[in-house]
Amino acid sequence: MSRPELDGPLENGAEFPSRLTARIVTPGERPLVHGYDVEGDLARHYQSSDLLFLMLMGELPSEPVSRAFAVACLFLAPVSVAHASTHAAVVGRLCGAPASGLFGVAAIAAAEHAHSLLDEHQQLFDWLHARQSPLPEHFRARDAADLAAVERLEQALVPTGVAIPALAERPSRDAALLMLLFELGFERREPLEAAIMLARLPSGIAEALAERPTNFGNYPINLPRFEYTESAQ
Amino acid sequence: MNLPELTQPTRTAHWGWHEHRYFGHRVFQQLTGHETLTGLTVLSVLGRRLPSDACAVVDDIACTVTMADPRIWPLKLTRLVAAYGSALPAAAAGLVSTEDARIGAWAATRSAETLLAFDAALGARSDEPEFVRTVVKAYLAEHRFVWGFGTPFRDRDERLVAFRKCIQHRRRASLHYWSLMNAVSEVVIDLRGAQPNMGIAIAAALLDLGLTTHQVGCLASALMQHMFLAQAVEGAAQGAALRELAPGYVEFVGHAPRSSPRAEKSAEKAALLDAQHE
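About the criteria used
Residues numbered from 1 in each chain as written. Chains lettered and ligands numbered in written order. Predicted model: local features only at pLDDT ≥ 70, side-chain atom pairs only at ≥ 80, totals over all residues. Helix = DSSP H or I, 4+ residues; strand = E, 2+ residues; numbered from the N terminus. Rg over C-alpha atoms; globule rule 2.2 N^0.38 Å. Contact = placed C-beta atoms within 7 Å. Buried ≥ 20, exposed ≤ 12 C-beta atoms within 10 Å, placed from the backbone. Nonpolar A, V, L, I, M, F, W, Y, C, P; charged D, E, K, R; others polar. Pairing = 2+ DSSP bridges. Domains from an automatic or database assignment. pLDDT = per-residue confidence, 0-100. Core = buried A, V, L, I, M, F, W, Y, C linked by C-beta atoms within 7 Å. Expected span 1.5 Å × (residues − 1). Axes fitted to C-alpha atoms, helices over the stretch in contact; angles between N-to-C directions. Parallel < 35°, antiparallel > 145°, perpendicular 65-115°, else oblique. Left-handed = near helix turned anticlockwise from the far one by under 90°.

1. Structural notes on the overall build of chain A
- A count of helical and extended segments in chain A gives nine helices and four strands.
- The N-to-C order of helical and strand elements in chain A reads β-β-β-α-α-α-α-α-α-α-α-α-β.
- What you see for chain A is a C-alpha radius of gyration of 23 Å, clearly larger than the 17 Å of a compact globule of 233 residues, by over 25%.
- When the backbone C-alpha atoms are referred to their principal axes, chain A occupies close to 75 × 55 × 40 Å.
- Considering only residue pairs separated by 6 or more positions, chain A has 65% of its internal contacts joining residues 24 or more positions apart.

Take a look at the structure:
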């Protein structure tokens, strides 16, 4: 094939830059994140949750926010196999997926889990922005266990110096954690979704790694039992 | 502990002893030897088979949409993931990036929604040019961006030019949504100077086959898998070249170097201690 036949819109016409743009992490031997020297500064004075906050928000957290964000990450982290996100990672392990494939499954599932949580709580954020009415009923604690979890969150926040007035509305555990993150500055959906996903990801991976590959005989294959039907739904 | 059994209905499939079921069909008896990969893909998305002439339109879409240059962004990301050596995670990454994305297969779903919006607004009057113009003009006044229109880096979408010939060849150019696309396009071209693209053509053709908007996106994604696979397979075989770019290829435009508040506090404390020792 001669060269002229291989001409196209990307050969002639459009102008593109010749270099890739880095905006957060400096490339090279000594990485800076948003201007901070990771190895010479952050590693000596901060913890990993602070680096996550910096990456997502562009600035280091203040002392109280740092402590409260660490609490939020800890409360967000446990996601049992009862949840589809962790369950999917475990099934990936059963299939004998290599670690990288398994981590990919866990990451996709954790991202979808976080996305759906925020979809379900969109109205909560509208409420947090306005705060002109009582908290909508479906964001309130459903039972004593829910209330107790929020009480533990309040106790864990005491030493941080961060107070969340909205917790007085007796929210559910999920709503309380979203209120906390909102209070810490996560007002934009994407960084918030990322923080939730990243805090939860280790659960799926850890639960999956604890399973034995190809342990099919010990997996409840009929949970749920799919009822095949040929009729139109 | 006695728990109620969890059940979920499914129309997809059942694993039997000697024969399997797939959407109401016996796999060995009714599908094997009788159905194509395209037909199976259609069955998977729609839950029903389409006649062979309809599947031929789907094949036409799969062929004419094949613009698989690795520089095209969703394919480039596939190539980048493939640089670590595995093909399927790379193909999966490409697929994950497409649902609800601005470019790629899901543009067909959004274009289908646009076509349905025009269809609802026009009612039975889509063959009245003046009324079509009024409706489209009103829509454009409210929408800066119109799904299904715009052909970046070229005057027209060459895929649509090729697909249009297929539709004419298959005598489907007079079907409802294809005609609607043409009627709306005429006004959009006139008022905005934006040409229709392959997204709205896929939408029109698949709506004419009876798909819902969501099915349009799912089927369009399936019809584009070969392009992701091509980049994933070749990229995985080529391996390391793209794993890390040399510094000269990257320009940093972020924050200037700075010290953290804790580092500064620590330095102040050290300086104070030094001063006390002196």
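Once the structure has been displayed, the description carries forward.
2. Describing the overall build of chain B
- Regarding its fold elements, chain B presents 13 helices and five strands.
- Expected size for 278 residues packed as a compact globule is a radius of gyration near 19 Å; at 26 Å, chain B overshoots this value by more than 25%.
- For chain B, the spread of C-alpha atoms along the principal axes amounts to about 95 × 60 × 50 Å.
- Burial status across chain B gives 31% buried among its 278 residues.

3. Observations regarding the interface of chain A and chain B
- Facing 35 residues of chain A, the contacting portion of chain B comprises 36 residues.
- Among the elements of the structure, β1 (20-22), α1 (38-45), α5 (99-120) and β4 (225-228) of chain A are those that each provide at least two residues to the side of chain A that touches chain B.
- In terms of residue class, the side of chain A that touches chain B is built from 17 nonpolar, 12 polar and six charged.
- Alignment of β4(A) against strand β1 (residues 7-10) of chain B, held across four bridges, turns out to be parallel. Residue pairing across strands places A:E227 opposite B:P9, the latter belonging to β1(B).

4. A look at unusual backbone geometry
- Cis geometry marks the peptide bond from A:L223 to A:P224, where omega comes out at 0°.
- Structurally, A:P224 is set in the loop between α9 (189-209) and β4.
- Although it is not a glycine, A:H34 sits at a positive phi angle of roughly 45°.
- On the secondary structure map, A:H34 appears in the loop between β2 (32-33) and β3 (36-37).
- The exposure class assigned to A:H34 is partly exposed, which follows from the 19 C-beta atoms found within 10 Å.
- Located in the positive-phi region is B:D100, a residue other than glycine, with phi close to 70°.
- You can see B:D100 is positioned in the loop between α5 (87-96) and α6 (106-122).
- Overall, B:D100 belongs to the exposed group, with 10 C-beta atoms counted inside 10 Å.

5. Some words on the domain arrangement of chain B
- Looking at the assigned domains, one finds that chain B contains domain 1 (19-49) and domain 2 (50-240).
- On a C-alpha basis, the centres of domain 1 of chain B and domain 2 of chain B stand 25 Å from each other.

6. Overview of the confidence of the model for chain B
- Scored by pLDDT, chain B comes out at a mean of 96, with 100% of its residues at no less than 70.
- What the predictor reports for the complex is a pTM of 0.93 with an ipTM of 0.91.

7. Considering the sheet that holds strand β2 (residues 13-14) of chain B
Residue and element names in this part refer to chain B.
- Strand order in this open sheet of three strands is β2-β3-β4, and the pairing throughout is antiparallel. In this open sheet, the two edge strands, each paired with only one partner strand, are β2 and β4 (25-26).
- Where β2 meets strand β3 (residues 21-22), two bridges bridge the pair, whose relative direction is antiparallel. What sits directly across from H14, in β3, is R21.

8. Details of the nonpolar core
- B:L115, B:I202, B:A203, B:A204, B:A205, B:V216 and B:L219 are the most contacted members of the largest nonpolar core, which has 61 residues in total.
- Among the elements that make up this core, the one with the highest residue count is helix α10 (residues 198-208) of chain B (nine residues).
- Formed jointly, this core draws a minimum of three residues from each of two domains, domain 1 (19-49) and domain 2 (50-240) of chain B.
- Counting 49 residues, the second largest nonpolar core, distinct from the first, contains A:A114, A:M179, A:L180 and A:L192.

9. Quick notes on α5(A)
- Helix length check: α5(A), at 22 residues, gives a terminal C-alpha distance of 31 Å against a target of 32 Å (1.5 Å per residue), a fit within 8%.
- Considered for burial, the residues of α5(A) that qualify are A:L102, A:G104, A:V105, A:A106, A:A109, A:A110, A:H113 and A:A114.
- Taken together, the buried residues of α5(A) touch α4 (84-94) and α9 of chain A together with α5 of chain B.

10. Here's the deal with the domain arrangement of chain A
Residues and elements named next belong to chain A.
- Domains assigned within chain A are domain 1 (22-60) and domain 2 (61-213).
- The centre of domain 1, based on its C-alpha atoms, is set 23 Å off from the matching centre of domain 2.
- Residue classes in the side of domain 1 that touches domain 2 are distributed as five nonpolar, two polar and one charged.

11. Quick look at the environment of B:T109
Residue and element names in this part refer to chain B.
- For T109, the location among the structural elements is in helix α6.
- Between the C-alpha atom of T109 and that of S52, which follows or precedes it by 57 residues, the distance is 23 Å.
- Apart from residues no more than four positions distant in its own chain, T109 is found in contact with T213, H214, V216 and G217.

12. Some remarks on helix α11 (residues 213-222) of chain B
- For α11(B), the buried fraction is high: seven of the 10 residues fall into the buried class.
- On the buried face of α11(B), the contacting elements are α2 (37-46), α5, α6, α10 and α12 (225-238) of chain B.

13. Focus on the packing of helix α8 (residues 158-169) of chain B against α10(B)
Residue and element names in this part refer to chain B.
- In the contact formed by α8 and α10, the axes pass within 9 Å of each other and the chain directions differ by 25°. On the basis of the axis angle, α8 is roughly parallel to α10. Every pair of crossing elements has a handedness; the one defined by α8 and α10 is left-handed. Contacts between α8 and α10 involve R159, L160, F163 and I167 from the former and M198, A201 and A205 from the latter.

14. Quick look at the environment of B:E5
- Positionally, B:E5 belongs in the segment before β1.
- Residues B:E5 and B:A120, 115 residues apart in the sequence, show an inter-C-alpha distance of 44 Å.

15. Some details on the packing of α5(A) against α9(A)
Residues and elements named next belong to chain A.
- One way to put it is that α5 packs onto α9 with a least axis distance of 8 Å and a crossing angle of 135°. Here α5 lies oblique to α9, going by the angle between them. Note on packing geometry: the crossing formed by α5 with α9 is right-handed. Residue-level contacts link L102, F103, A106, A107, A109, A110, A111, H113, A114, H115, L117 and L118 of α5 to R189, L192, E193, I196, M197, R200, L201, G204, I205 and A208 of α9.
- Of the residues belonging to the contact of α5 with α9, the class tally is 16 nonpolar, three polar and three charged.

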